[in-house]
Amino acid sequence: MPIALIFVSVFLQASAEGFLSGRLDVTASLRFSVLAFLTTTVVFTAVTWLRRRSRTQPQATAAQRGQVRRLLWQMNAASAVTFLGLYLAIAWVPAALAASLVAGVGPLAVVVMDTVSGKHASGRSGWARAVLLLGVSLATAACIQPGPLRSAGSLVYVGGALAVLAGFGAASLAVVSRRLGDLGVDPTRVMANRFHLTYALAGAVLVLRGGGGSSELSLGVTALAALVGVVVPLYVLQISIQRCPPIVTMVLLTALPGLTYVAQVAFGDAFRLPAALMVVLLVALTVGFALLEGRPRRGARPEPGARPDPGIPSGPTACAEHTVRAEARPHAEVRSP
């Protein structure tokens, strides 16, 4: 189930990003971010409050509350980097290019973080797969946006740098989300608390910039895009990534650029055969590498505070088995930070 939910989330996000590509400038992107993430926070805060009223939950210890609070603030920082970086990037570069950079960097960022921390070492094969995914993602981006980047202006490089930064933010989200899942934190609580910094920063920059910005979208269409492209898919994704190892999540998310390109074509962008072939190759590698990451790994050290599950595979099988364990135990009551 978590694997299927990741693909549902990818499809919805890709559709929204393909639709938004070229329709928002920087100011409009910031306004979209404020609307999308403030709406997400309000919706899931209400859901969390209703759940607390309707059922009794075991109280968490002070140590657990402190640990979860720290992780939620880490989620706030990583969410701000990821989504502000992405939505600002697509104001300057095509959505498929931005998505290719974010998705391609993601697996490599997880491998780097795992190596630095000394946990779940991926080995040479893991590094090779991550580098290959990044290379294919960049090649896909080059086919989607033909022509030398230097002729497109300096803002393309700014957008590309923001997309790379967003890729590292996304990897951090996967790592922290899995730790929250191991601690038994309900995804609705995470969604209610993870975007405070994102909408606050986007709102502050929007006020400082001033002006209305240019956008082809009405408020109603923008709100619908926020619902379909942010609120629903990110909740679906949050459920999944709390139950899957970070490397599996990031490998599966490399399918996002391909579907984003398909969405761009559906909304009027030009069809390019080389780009289509690269998309097919990228998706094939995504599926194949996800299966490889699903092979059992023994001896991996658990995250601090996590409930250890010895002998569980690290990939899709781990997602399924972790789901059974997560649903079988009650969630501790953890208040907002």
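Residue positions within a chain follow its written sequence, with the count starting from 1. Given that the model is predicted, a residue must reach a pLDDT of at least 70 before its local features are reported, and side-chain atom pairs must reach 80 or more before they are shown or counted; all residues, however, enter totals for whole chains, interfaces and linings. In computing side-chain values, all of the structure's heavy atoms are included and hydrogens and water are not.

1. A look at the side chain of S240
How we decide: The helix count covers DSSP runs of H or I at least four residues long, the strand count covers runs of E at least two residues long, and both are numbered beginning at the N terminus. Buried, partly exposed and exposed residues are distinguished by accessible area as a fraction of the type maximum, computed with a 1.4 Å probe on protein chains only: under 20%, between the cut-offs, and over 50%, respectively. Working rule for contacts: check all heavy atoms of both residues, and any pair within 4.5 Å makes them a contact.
Looking at the element boundaries, S240 is found in helix α9 (residues 219–241). Among the residues examined, S240 registers a relative accessible area of 0% and is labelled buried. Setting aside its immediate chain neighbours within four residues, S240 contacts P2, L5 and I6.

2. Structural notes on the confidence of the model for the chain
Definition in use: For every residue, the predictor states its confidence as a pLDDT score lying anywhere from 0 to 100.
Here the chain shows a mean pLDDT of 80. Residues at 70 or above account for 79%. No element of the chain has a lower mean pLDDT than helix α13 (residues 316–328), at 51, and none a higher one than helix α7 (residues 187–193), at 94. Contacts for the low-pLDDT stretch residues 299–316, under 50 throughout, to residues beyond four places or in other chains number 44 contacts. The low-confidence segment residues 332–337 (pLDDT under 50) makes 21 contacts with residues lying over four places distant or belonging to another chain.

3. Overview of the nonpolar core
Defined as follows: Here, nonpolar core refers to any group of buried Ala, Val, Leu, Ile, Met, Phe, Trp, Tyr and Cys residues whose side-chain atoms link them within 4.5 Å.
Membership of the largest hydrophobic core comes to 73 residues, with the highest contact counts inside it found for F32, L180 and L234. In terms of residue count, the dominant contributor to this core is helix α4 (residues 95–117) (10 residues). Residue contacts for L234: discarding those within four places in its chain leaves Q13, F37, F83, M191 and F195. Among the nonpolar cores identified, the runner-up in size contains seven residues, and L84, L88, A91 and A202 belong to it.

4. A few points about the packing of aromatic side chains
How we decide: For Phe, Tyr and Trp, rings pair up if their centres lie within 6.5 Å, where Trp contributes its six-membered ring, and each pair is then called stacked (planes under 30 degrees apart), edge-to-face (over 60) or tilted (otherwise).
What the rule picks out here adds up to five aromatic pairs. Pairing F37 with F83 gives two aromatic rings, centres 5.1 Å apart and planes at 50 degrees, and the pair type is tilted. Taken together, the positions of F37 in helix α2 (residues 26–54) and F83 in helix α3 (residues 62–89) put the pair 46 residues apart, joining distant regions of the chain. Look at F37 and you get buried, because its relative accessible area is 0%. On the basis of an interplanar angle of 35 degrees and a centroid distance of 4.7 Å, the ring pair of F37 and F195 is categorised as tilted. Of this pair, F37 sits in helix α2 while F195 sits in the loop between α7 and α8 (196–209), placing them 158 residues apart in sequence. Grouping residues by exposure puts F37 and F195 together as buried.

5. Comments concerning the packing of helix α1 (residues 2–20) against α9
Applicable threshold: Here the axes come from fitting lines to C-alpha atoms, over the contacting stretch only for helices, and the angles between their N-to-C directions go from 0 to 180 degrees. The cut-offs work like this: below 35 degrees is roughly parallel, past 145 is roughly antiparallel, 65 to 115 is roughly perpendicular, and the gaps in between are oblique. The hand of a helix crossing depends on one turn: near helix anticlockwise from the far one by less than a right angle means left-handed, and clockwise means right-handed.
Interaxial distance between α1 and α9 falls to 8 Å at its minimum, and their mutual angle equals 155 degrees. As judged from the angle between their axes, α1 and α9 are roughly antiparallel. In this structure, the crossing between α1 and α9 has a hand that is left-handed. In this structure, α1 uses P2, L5, I6, S9, L12, Q13, A16, F19 and L20 to contact α9, whose residues at the interface are V221, A225, V228, G229, V232, P233, L234, V236, L237, I239 and S240.

6. Digging into the side chain of S100
Mapped onto the secondary structure, S100 falls in helix α4. Excluding its chain neighbours within four sequence positions, the residues that come into contact with S100 are S137, T140, A141 and P257.

7. Quick look at the environment of S29
Within the secondary structure, S29 is located in helix α2. You can call S29 buried: its relative accessible area is 2%. Linking S29 and A91, residues 62 residues apart in sequence, is a C-alpha distance of 6.8 Å. Beyond its immediate stretch of four places on either side in the chain, S29 contacts L24, Y87 and A91.

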